[in-house]
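# Residue-level structure breakdown
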Amino acid sequence: MLVEEEKIRQQLIERFGLPADKITVQRERRVWADVPAANFGEIFDYATDKLGFVVLLTITGLDEGPTLGAIYHIARESGIILNLHISVPKDKPVIKTVSARFPAADAYEREMVDLLGMQVEGLPPGNRYPLPDGWPAGQYPLRKDWKSDTIGKSEVAENA
Amino acid sequence: MPEREVKLTIGPQHPMLKEPESFLLTLRGEKITDMTVRLGYNHRGIEKACEQRTYIQDMYLVERVCGICSHSHSTCFIQTVEEIAGLAVPKRGLYIRTLIAELERIHSHLLWLGVAGHEIGFDTLLMYTWRDRELVMDILALISGNRVNYGMNTIGGVRRDITAEQIPQILSAIDTLEERTKYYIQVATQEITLRERLSGVGKLSKEDATRLGAVGPTARASGVDRDVRRDDPYAAYGELSFNVITDDHSDVYGRTLVRVGELMEAYKLVRQILKQMPDGPIAVKAPRKIPAGQAISRYEAPRGEDVHYVKANGSDKPERVKVRAPTLANVQVVAHMLKDGYLADTPIVIAAIDPCFSCTDRALATTNLDNGRTDRMDWPTLRTYGIDWYSKQGIDFAELNRKLRTMRESN
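Please read these numbers as outputs of a predicted model, since none were measured by experiment.

### Remarks on the overall build of chain B
Looking only at helices and strands, chain B has 15 helices and 10 strands in total. Overall, chain B is about 80 × 50 × 45 Å in size when its C-alpha atoms are taken along their principal axes. Burial status across chain B gives 55% buried among its 411 residues. In chain B, 68% of the contacts between residues at least 6 apart in sequence involve partners at least 24 apart. Total accessible area on chain B stands at roughly 17,600 Å², and carbon and sulfur atoms take up 52% of it.

### Side note on the interface of chain B and chain A
With 32 residues of chain B at the contact, the number on the chain A side is 43 residues. Between chain B and chain A the total buried area reaches about 3,200 Å² when both faces are included, carbon and sulfur atoms providing 48% of it. Contact with chain A buries surface across chain B, with Arg38, Lys48 and Ile296 of chain B losing the most and accounting together for 20% of the total. On the surface where chain B and chain A come into contact, there are 8 salt bridges. Across the salt bridge formed by Asp133 of chain A and Arg38 of chain B, the nearest N and O atoms sit 3.0 Å from each other. Run the count over chain B and chain A and you get 21 residue pairs in polar contact (both at pLDDT 80 or more).

### Describing the pairing of strand β3 (residues 55-63) of chain A
Within β3 of chain A, 9 of the 9 residues are buried, which leaves it mostly tucked inside the rest of the structure. Remark: 3 residues form the turn of the hairpin made by β3 of chain A and strand β4 (residues 67-75) of chain A, two consecutive strands paired antiparallel; Gly65 of chain A in that turn has positive phi of roughly 90°.

### With respect to the packing of helix α1 (residues 3-16) of chain A against helix α2 (residues 40-49) of chain A
Residues and elements named next belong to chain A. Running from N to C, α1 and α2 cross one another at 140°; their axes reach a closest spacing of 12 Å. Between α1 and α2, the interaxial angle falls into the category oblique. The interaxial crossing formed by α1 with α2 has right-handed handedness. Counted together, Gln11, Leu12, Arg15 and Phe16 of α1 and Glu42, Ile43 and Tyr46 of α2 form the full contact between these two elements. Residue classes in the contact of α1 with α2 are distributed as 4 nonpolar, 1 polar and 2 charged.

### Here we look at the packing of aromatic side chains
Each aromatic ring pair is specified by the distance between its two centres and by the angle formed by the two planes. Evaluated as defined, the whole model comprises 13 aromatic pairs over all chains. In this structure an aromatic cluster arises from ring pairing among Phe40, Phe44, Tyr72 and Phe102 of chain A. Taking NZ or CZ as reference, Arg38 of chain B lies 5.9 Å from the ring centre of Tyr41 of chain B, over its face. Taking the ring centre of Trp112 of chain B as reference, the NZ or CZ of Arg259 of chain B above it sits at 4.2 Å.

### Things to note about the sheet that holds strand β2 (residues 30-34) of chain A
Residue and element names in this part refer to chain A. In spatial order, the strands read β1-β2-β5-β4-β3; together these 5 strands make up an open sheet with mixed pairing. Strand pairing shows two members of the sheet lacking a second neighbour, β1 (23-27) and β3, which therefore form its edges. Each strand of the sheet is rotated relative to its neighbour by a mean of 20°, with strand direction disregarded. Alignment of β1 against β2, held across 4 bridges, turns out to be antiparallel. Of the residues in β2, the one forming a bridge with Arg27 is Arg30.

Calculation criteria
- The written sequence of each chain sets the order in which its residues are numbered from 1.
- To label them, take the chains in the order written and letter them from A, then take the ligands in the order written and number them from 1.
- Reporting in this predicted model follows two pLDDT cut-offs: at least 70 for local features of residues, and 80 or more for side-chain atom pairs to be given and counted; totals over whole chains, interfaces and linings ignore these cut-offs and use all residues.
- The side-chain quantities take in all heavy atoms of the structure and omit both hydrogens and water.
- Under the DSSP-based scheme used, a helix requires at least four consecutive residues in state H or I and a strand at least two consecutive residues in state E, with every element numbered from the N terminus.
- A 1.4 Å probe rolled over the protein chains alone gives each residue an accessible area, and that area as a share of the maximum for its type sets the label: buried under 20%, exposed over 50%, partly exposed in between.
- Pairs of residues are marked as contacts when any of their non-hydrogen atoms sit within 4.5 Å.
- Residue exposure ignores everything except the shown protein chains as possible cover, and the areas themselves are Shrake-Rupley values with a 1.4 Å probe.
- Note: buried area is the sum, over both parts, of the accessible area (probe 1.4 Å) each one loses when the two are combined.
- We define a salt bridge as a contact between a side-chain nitrogen of Lys or Arg and a carboxyl oxygen of Asp or Glu at a distance within 4 Å.
- Within 3.5 Å is the distance limit for a polar contact, defined as a pair of N or O atoms, with the added protein rule that one can donate a hydrogen and the other accept it, and that residues adjacent in sequence qualify only through two side-chain atoms.
- Here, any two strands with at least 2 DSSP bridges between them count as paired.
- Each axis is a line fitted through C-alpha atoms, and for a helix only the stretch in contact is used; angles between axes span 0 to 180 degrees, taken between their N-to-C directions.
- Here the angle decides the label: under 35 degrees means roughly parallel, over 145 means roughly antiparallel, 65 to 115 means roughly perpendicular, and every other value means oblique.
- Two helices that cross are described as forming a left-handed crossing if the nearer one is turned anticlockwise from the farther one by less than a right angle, and a right-handed crossing if clockwise.
- Any residue that is not Ala, Val, Leu, Ile, Met, Phe, Trp, Tyr, Cys, Pro, Asp, Glu, Lys or Arg is counted as polar, Gly included; the first ten are nonpolar and the last four charged.
- Classification of ring pairs uses Phe, Tyr and Trp, with its six-membered ring standing for Trp, and accepts pairs whose centres are within 6.5 Å; under 30 degrees between planes counts as stacked, over 60 as edge-to-face, and the remaining range as tilted.
- A ring has a charge above it when a Lys NZ or an Arg CZ is no more than 6 Å from the ring centre and no more than 35 degrees off the ring normal.

Put into structure tokens, the structure is as follows:
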């Protein structure tokens, strides 16, 4: 039980010197890891290329108060999910795109751009998603301080 | 007239578009050279709304993410909540959840088969499959009281039990449906019009399906052997035996075969569930406040994999709810499948991932490929161009027009 999951945990700890309490095996097939944003790129590449996490399930964006978070949910063919969590400061919320490795990430990253105000470096040009083209700048609906009456309806209509 | 590149916008509002989406196709003659998708017209802010409501309210809200896969979304959502709260759902509850899940797959795949028939002008298939689909809709209504949005789930189990009287009714409907589905398999494999129309259309190689992240029957029809029910078992699937249907045709024909194959597996599963379902309670009581924590859950919905993430903060409302529906993963695959295909294949290729729509809009702007200049063609110009083009081919509409006028005048 949990042999594979523990192995993944150990590999991440040994390879990147991550603190042991930052990586947890929640249950069978569920591993969660808090990783520093600075070396997220190499950890992500290692997990996808070397550890066999070849499926990107989705990316969850989070408003964590002073920081914005992103959880990359990646899975093995065998069903184990590795959830890689990073945090970036809200005043400079910059992450790098993973859409070169996973084209489907395009939509998940644009969602974080529109709804949380994340800045994704390297995202290819394309349509915004999912908010309308005339949506006022600087309004991020999934931020905790944003309420549905934060912007007036007329403001949206004027910009549309 | 020199060869021209035409940009054709389909949507966001379109007579045959069941949901608002916008597709911009670039055409050279009848061939599609490029396509971009604009989504978001149906964004209802459900994730934000979930943060402002209690878990039990969210469950009903999330059930309405999709009208067809409603049980899929509510199950996927409460699985995360149950995991965070450490609730052990009674076995009977899990079996009932799985039963509804498979009945939902049956109604969804029969619906798709009808839509696919309709998109290629084979409306007899639509009439047949939708007539048969009523049998499974009746069963769902018998069990849950509703044809869609069954409201069967609750945090910690299910809300209604299966009675002894219902079992023979379910089994008899399943027997009939199995017979009918055997006939559809015969139609799909032997009816030459269907086979020829769907073969080689919307090609997606195994490599591209994996690379682009295709899910569900779309991926399995390209030989990608993935099914969450087997790979990351939830509800009662860990105790049931079934085959994951894959196919190597890698086109719309393959997607059809996978879905009819999955129908046959679903009938097997329903019988197994009813036979193996243990006695006992159907739910445990869930706390109003869910302890802080996070969980992710996957669910093999009829259209592919649903992913839900929930973060709890210890209150009665979630901190964050994230939903990834299968179409978001698959709609990017469509652009790839349409490239180098024919315009006339667009409706069936898009329908084959199982959102659905048909027919096309009128051209607005054309780009002259010799000098790169963009011209606008208004309706009368387009009409004159059409008449001229046909008369050059030896087809003259003048005689037809004259007849039409005479008929109108004599009326």
